[in-house]
Number of protein chains: 2
Amino acid sequence: MSIITIERKVLEKNDEVARQNRELFADHGIFVLNMVSSPGAGKTSILERTLERLRNELDIAVIEGDVQTDLDARRVAKYNVPAVQIVTRGGCHLEANLVRDALANLELKAIDLLIIENVGNLVCPSNYDLGEAMKVVVASTTEGDDKPLKYPAMFRNASVLILNKIDLLPYVQCNLSILKENALKINPSLTVFETSCTTGQGIDAWCEWLAENSRRKTAS
Amino acid sequence: MSIITIERKVLEKNDEVARQNRELFADHGIFVLNMVSSPGAGKTSILERTLERLRNELDIAVIEGDVQTDLDARRVAKYNVPAVQIVTRGGCHLEANLVRDALANLELKAIDLLIIENVGNLVCPSNYDLGEAMKVVVASTTEGDDKPLKYPAMFRNASVLILNKIDLLPYVQCNLSILKENALKINPSLTVFETSCTTGQGIDAWCEWLAENSRRKTAS
């Protein structure tokens, strides 16, 4: 029995549970995002800015994935939205069955938008479908403009790209045009937002897109 | 047959090859570092600054690990040091056998210091011994001060911590004292350097430590 066979079985099993999650989300009209990025690219900060703006407009819930600690769920819980922390204890990505278990702690019929914040890892989470409507990859300007070329799977499998920390552009070696060009070379259909959680730039455009897509899903 | 058994077998196999690599390095008196970090924390930039300062003083070789592209090996090759690129094609970490294969392209007796730059990933590379003398983890200030708590294995298994991009401290939400405190809470024996590849701050101290340790190894 080879490793590849085992890995394929794990992925097949995961895809089956992801399919079940997706059905459950469809039944309840929930718009579900799987947020992925390197550690420290700003997923939780974007989530905080998003909750500030949209929590009175939409019923939002959050599932936090971390290798260790519940620091992120605590940050999110301050906004009075339902938040569940998954601690993977060394695991490098979320899997569909972990999300399914977390759903038991949420009242699905009271949710319009569910945001799943994955473990900070630009490689492994790209292979694991959680049942989401789409993956949102966050790339920070401080990581440099070559990352889409070096970690292509994540950018290929995402539908949305948030270029975060654009307020730091004057201080870092990153050409925003080249970063965008590299990402669109890997995946020309990416919807791109440019944001700064420090200045608030771009957060409105992202939230408008998010609210529009959540409403469309709930209405369908 | 369970997944855990397979994973253990993979790790046992890896440890055996790592042991062989370590013996080979000892036979040739080579000081070997395994550099790990999140994507974009600055491993390659630190390597460039290091090569600038030390390449006339020490015989240095580099093994670059990336999911895709040979961009980093090209950056390093400009400094006229032997450089080998390992492309993992989706793999999230380097393994000892990949390093062993790369060694076939290097003249071991002509090397004092071998720096292996791992795939940008703060989770998976922590489990894989490559035969190195020590792991050096690079954490950038832009990632925030909570990362050692959220990704403890990497900080626990490293001997050296480089806190990079300290020139950006005025612009980011990161308390350097708390970052250091969090790292030392996980691993009190970490040797810590604070660096900026933009201003050059701290690079001399790091290079002095590196030269001293390489010489000690070569002499032993």
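Within every chain, residues take consecutive numbers counted from 1 along the sequence as written. To read the labels, note that chains go from A and ligands from 1, taken in the order they are written. In keeping with the predicted nature of the model, local features appear solely for residues at pLDDT of at least 70, side-chain atom pairs appear and are counted solely at 80 or more, and the whole-chain, interface and lining totals rest on all residues. The side-chain values count all of the structure's non-hydrogen atoms but skip hydrogen atoms and water molecules.

All names here are of chain B. Any pair of Phe, Tyr and Trp rings, taking the six-membered ring for Trp, is counted once the centres come within 6.5 Å. Such a pair is stacked with planes under 30 degrees apart, edge-to-face with planes over 60 apart, and tilted for the rest. Overall, the coordinates contain nine aromatic pairs over all chains when judged by the stated rule. Their ring planes at 75 degrees and their centres at 5.8 Å tell us that Phe 193 and Trp 206 sit as a pair that is edge-to-face. Here the residue Phe 193 occupies a position in strand S7 (residues 191-194), and Trp 206 occupies one in helix H8 (residues 203-219), the gap between them amounting to 13 residues. The buried label applies to any residue whose accessible area, calculated with a 1.4 Å probe on protein chains only, is under 20% of its type's maximum; exposed applies above 50%, and partly exposed to all values in between. Using a relative accessible area of 10% as the deciding quantity, one classes Phe 193 as buried. Taking relative accessible area as the criterion, Trp 206 reaches 0% and is therefore assigned buried. Arranged with centres 5.8 Å apart and planes meeting at 65 degrees, the rings of Phe 193 and Trp 209 form a pair that is edge-to-face. Taken together, the residues Phe 193 in strand S7 and Trp 209 in helix H8 connect sequence positions 16 residues apart. The helix count covers DSSP runs of H or I at least four residues long, the strand count covers runs of E at least two residues long, and both are numbered beginning at the N terminus.

Glancing now at the relation of the copies chain A and chain B. Each copy superposes on the other: chain A lies on chain B with an RMSD of 0.0 Å after a rotation of 180 degrees and an axial shift of 0.0 Å. The operation mapping one copy onto its partner corresponds to a two-fold rotation axis. Throughout, a residue-residue contact means that at least one pair of heavy atoms, one from each residue, lies within 4.5 Å. A share of 100% of the interface residues of chain A reappears at the interface of chain B, consistent with the copies meeting face to face through the same patch. A least-squares superposition brings the copies together, and it is based on the C-alpha atoms of residues with pLDDT no lower than 70 in both.

For the rest of this paragraph, the subject is the interface of chain A and chain B. Tallying the contact residues gives 36 residues for chain A and 36 residues for chain B. The term buried area denotes the loss of accessible surface (1.4 Å probe radius) that occurs when two parts are joined, taken as the sum for both partners. Taken together, both faces of the contact between chain A and chain B bury some 2700 Å²; the carbon and sulfur share is 67%. By definition here, a salt bridge exists when the distance from a side-chain nitrogen of Lys or Arg to a carboxyl oxygen of Asp or Glu is within 4 Å. Applying the counting rule to chain A against chain B returns four salt bridges. Taking the shortest distance from any N to any O, the salt bridge between A:Asp66 and B:Lys150 comes out at 3.6 Å. Whenever a nitrogen or oxygen atom comes within 3.5 Å of another N or O atom, the pair is scored as a polar contact, on the condition that within protein one atom can donate a hydrogen and the other can accept it, and that pairs from neighbouring residues in sequence are kept only if both atoms are in side chains. Remark: the boundary between chain A and chain B carries seven residue pairs in polar contact (both at pLDDT 80 or more). Secondary-structure elements contributing two or more residues to the side of chain A that touches chain B are helix H1 (3-27), helix H3 (71-77) and helix H5 (147-150) of chain A.

A few words now on helix H2 (residues 43-54) of chain B. All names here are of chain B. Helices are assigned an expected span. That span is 1.5 Å times one less than the residue count. For H2, built from twelve residues, the straight-helix expectation of 16 Å at 1.5 Å per residue is met to within 8% by its first-to-last C-alpha distance of 16 Å. Summarising burial for H2: nine of the twelve residues are buried, a large majority. Considered for burial, the residues of H2 that qualify are Lys 43, Thr 44, Ile 46, Leu 47, Glu 48, Arg 49, Thr 50, Leu 51 and Leu 54.

Residue position: A:Asn121 is located in the loop between strand S4 (113-117) and strand S5 (134-140). According to the relative accessible area criterion, A:Asn121 is buried, its value standing at 1%. Sequence separation of A:Asn121 and A:Lys150 is 29 residues, and the distance between their C-alpha atoms is 13 Å. The contact partners of A:Asn121, leaving out residues within four places of it in the chain, are A:Ser37, A:Ser38, A:Pro39, A:Cys92, A:Met154, B:Asn121, B:Val123 and B:Cys124. Polar contacts involving the side chain of A:Asn121 include one to the main-chain amide nitrogen of A:Cys124, which spans 3.2 Å.

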